[in-house]
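As a plain string of letters, each chain reads:
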Amino acid sequence: MTRVLILCTHNSARSQMAEALTRDAAQRLKVDLEVHSAGTEATRVKDDAKTVMQEIGLRLDAHTSKTLWDVPDAQNFDYVITVCDSAAEACPVYPGKTNRLHYPFIDPSGGSLDRWRAVRDQLRVQFDAFVQGLKDGQPVPATYEDSPSVAVG
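For the structure given in this document, a descriptive report is provided here.

Conventions adopted
Residues numbered from 1 in each chain as written. Predicted model: local features only at pLDDT ≥ 70, side-chain atom pairs only at ≥ 80, totals over all residues. Heavy atoms only, no water. Pairing = 2+ DSSP bridges. Helix = DSSP H or I, 4+ residues; strand = E, 2+ residues; numbered from the N terminus. Axes fitted to C-alpha atoms, helices over the stretch in contact; angles between N-to-C directions. Contact = heavy atoms within 4.5 Å. Disulfide = S-S within 2.5 Å. Buried < 20%, exposed > 50% of the residue type's maximum accessible area, 1.4 Å probe, protein only.

**Let's talk about the sheet that holds strand β3 (residues 79-82)**
Right, so step 1: Pairing within the open sheet is parallel, and its four strands lie in the order β2-β1-β3-β4. Only two strands of the sheet have a single neighbouring strand rather than two, namely β2 (33-39) and β4 (99-102). Each neighbouring strand pair of the sheet contributes to a mean axis angle of 20 degrees, computed without reference to strand direction.
Right, so step 2: Here β3 pairs with β4 via four bridges, running parallel. In the strand pairing of β4, Thr82 is matched with His102.
Right, so step 3: Across the sheet, helix α1 (residues 14-29) touches β1 (2-8) and β2, and the angle it forms with β2 is around 175 degrees.
Right, so step 4: This element, helix α4 (residues 113-136), spans β1, β2, β3 and β4 of the sheet and lies at about 165 degrees to β3.

Here's what the structure looks like:
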């Protein structure tokens, strides 16, 4: 099973949404993934993240904000993906077999629900393309701009 870790600073919005979207894509595309998210520090999952994810049928109610050290087997991931610049800078060194990717997204915190929806939709395109690449045995997108829009079920 391929293990994926998605990191952000507070594990309160972008990484939480990306975790749920990646799990959803893996289920839809029938790809065997173990997906986790974490932050460089833990806070709480933001209500606006819960709201915009529920709009597309994904619930974050059971999600909790956690640090890297709260994740099982934290040093053993096939992919470590940072979704904000500060997490990319603070990300610890991983063993040579880990593929590090950086997909930066704007922080929707403090913005309107439309801003939250835009970030959610961009995350969905990115992580659908990531999972599709894994399924097809193709290189995963290096950036958001490299991600073709994947049909959403």
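**Observations concerning the state of the cysteines**
Note: disulfide means a covalent bond formed between the sulfur atoms of two cysteine side chains.
Right, so step 1: By the definition in use, this model includes zero disulfides.
Right, so step 2: The closest cysteine sulfur to the non-disulfide-bonded Cys8 is located on Cys84, 3.5 Å from its own sulfur.
Right, so step 3: The exposure class of Cys8 is buried, given its relative accessible area of 4%.
Right, so step 4: Overall, Cys84 belongs to the buried group, its relative accessible area being 4%.

Read these as geometric descriptors, not functional statements.
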